[in-house]
Amino acid sequence: MEQVQWADRGQLLQLDTPEGAVQGGCIGVSRLGSVQLAGGFSIWVQMHGSSWVEAKEGKFRLRRGDWIAFEKDSKPNVQADRFGVCVGLTLSGDALREMTRFADRGLYAGRGSMPRRDARIALHLWREAAARLADSSAATLDTASLRPILLHLAGVQGELAARIPRCPGRSRSRKRQVFGRLQRARLYLEGNCDRVVRISELAELTSFSSWYFSKTFHSLYEESPQAASARMRLEHAADLLTSTSMMIGEVAAASGFDNCCSFARAFRARFGQSASRYRSASVPARVAAAKSSSKALGRTGT
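The structure displayed is predicted, hence computed values, not measured ones. (Residues numbered from 1 in each chain as written. Predicted model: local features only at pLDDT ≥ 70, side-chain atom pairs only at ≥ 80, totals over all residues. Heavy atoms only, no water.)

### Quick look at the sheet that holds strand β2 (residues 12-15)
- With mixed pairing, the five strands of this open sheet are ordered in space as β2-β4-β9-β6-β7. What marks the edges here is a single partner per strand, and that holds for β2 and β7 (58-63). For this sheet the average axis-to-axis angle between neighbouring strands, irrespective of direction, equals 15°.
- Examined bridge by bridge, strand β6 (residues 50-55) and strand β9 (residues 77-80) share four bridges and lie antiparallel to one another. Bridging from a neighbouring strand, Ser51 pairs with Ala80 of β9. (Pairing = 2+ DSSP bridges. Helix = DSSP H or I, 4+ residues; strand = E, 2+ residues; numbered from the N terminus. Axes fitted to C-alpha atoms, helices over the stretch in contact; angles between N-to-C directions.)

### Here we look at the nonpolar core
- Leu89, Leu107 and Leu146 are the most contacted members of the largest nonpolar core, which has 50 residues in total.
- Once you skip the residues sitting within four places of it in the chain, Leu89 turns out to touch Gly25, Cys26, Phe41, Ser42, Ile43, Trp126, Leu146, Ile149, Leu150 and Leu153. (Core = buried A, V, L, I, M, F, W, Y, C linked by side-chain atoms within 4.5 Å. Buried < 20%, exposed > 50% of the residue type's maximum accessible area, 1.4 Å probe, protein only. Contact = heavy atoms within 4.5 Å.)

### A look at the confidence of the model for the chain
- The pLDDT averaged across the chain works out to 89; a share of 88% of its residues lies at or above 70.
- Below a pLDDT of 50 lies the segment residues 18-22, which in the model reaches nine contacts outside its immediate sequence neighbourhood of four places, other chains included. (pLDDT = per-residue confidence, 0-100.)

### Describing the packing of helix α6 (residues 199-206) against helix α7 (residues 210-221)
- In contact at an axis separation of 9 Å, α6 and α7 are set at 90° when each is read in the N-to-C sense. With respect to α7, the axis of α6 lies roughly perpendicular. Contact with α6, carried on its side by Ile199, Ser200, Leu202, Ala203 and Thr206, involves Ser210, Phe213 and Ser214 of α7 and no other residues of that element.
- Counted by class, the contact of α6 with α7 contains four nonpolar, four polar and no charged residues. (Parallel < 35°, antiparallel > 145°, perpendicular 65-115°, else oblique. Nonpolar A, V, L, I, M, F, W, Y, C, P; charged D, E, K, R; others polar.)

### Considering the packing of aromatic side chains
- The full count for this structure, using the stated rule, is eleven aromatic pairs.
- Measuring from ring centre to ring centre gives 5.0 Å for Tyr108 and Phe179, while their planes differ by 85°; the resulting arrangement is edge-to-face. Of this pair, Tyr108 sits in the loop between α1 (93-103) and β11 (110-113) while Phe179 is found in helix α5 (residues 172-191), placing the two residues 71 residues apart along the sequence.
- Residue classification places Tyr108 among the buried residues on the basis of a relative accessible area of 8%.
- The class of Phe179 is buried, set by a relative accessible area of 0%.
- Residues Phe263 and Phe267 carry aromatic rings whose centres are separated by 5.6 Å and whose planes lie at 50° to one another, so their mutual orientation is tilted. Here Phe263 and its partner Phe267 are both found in helix α10 (residues 260-271), four residues apart, which amounts to about one turn of the helix. Judged on exposure class, the residue Phe263 and its partner Phe267 are both buried.
- Grouped by ring-pair contacts, the aromatic residues Phe257, Phe263, Phe267, Phe271 and Tyr278 constitute a single cluster. (Phe/Tyr/Trp six-rings, centres within 6.5 Å; stacked < 30°, edge-to-face > 60°.)

Below, the structure written as structure tokens:
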């Protein structure tokens, strides 16, 4: 695989990144372009517009400032919308281990968002890394080319990594291993907000027993897997209410609820108001945001 790849204007790239072939590479998608990875750890940052991602862990939508990271066998497919720009990095296992050695930091599967300033820094460092990689050959490539952007992204994940000491294990490497598995399970919950996820699925994904997984998950995230799943599904429903014109019943079904009554009770308990009132209250905010954006564009045009 070339070390710098970009899919633009509907172009589809299918990238084979066998483990150990190269230390890493820079990837970007924009304007309906899409990338399918066959392997390798990857991390993505949404710079403009939005993108849709499908992977072994489920389906996700990235908005400006969002980041998402996947394990080596996740095989994500990332597609930008009409105005979307998303940049990413792929890393081999050796590159991740080397990063841990020289900086005592790692990158983990998961999802989050970063302030606009951090996103701008990430884009600047990504461009610098891409320029260095474009001038390098696979024979001479090492993680020094990617080090600045990797350290920045590890800093963005700092709040997550602060949980590592809570994980069971005698050594720091064992704690990191357990944390990485649990982060992937948590990402799986986020990627499957349209249904109820069974504990057995998560246990199989992490190679833990159901009992050990539930116990460790609760100690790490301070909520049970079932509670986390319910919370994420309700947050997903709230997002659908504010970003789509779907009917309440459709939102309930798309969030894994069997009937509107159970959805209504759960939504009111979570947000303190009905789904219809929640949607109505969000309309003025969306209109104000649209007007503000329109005025900003007008000032830019003048």
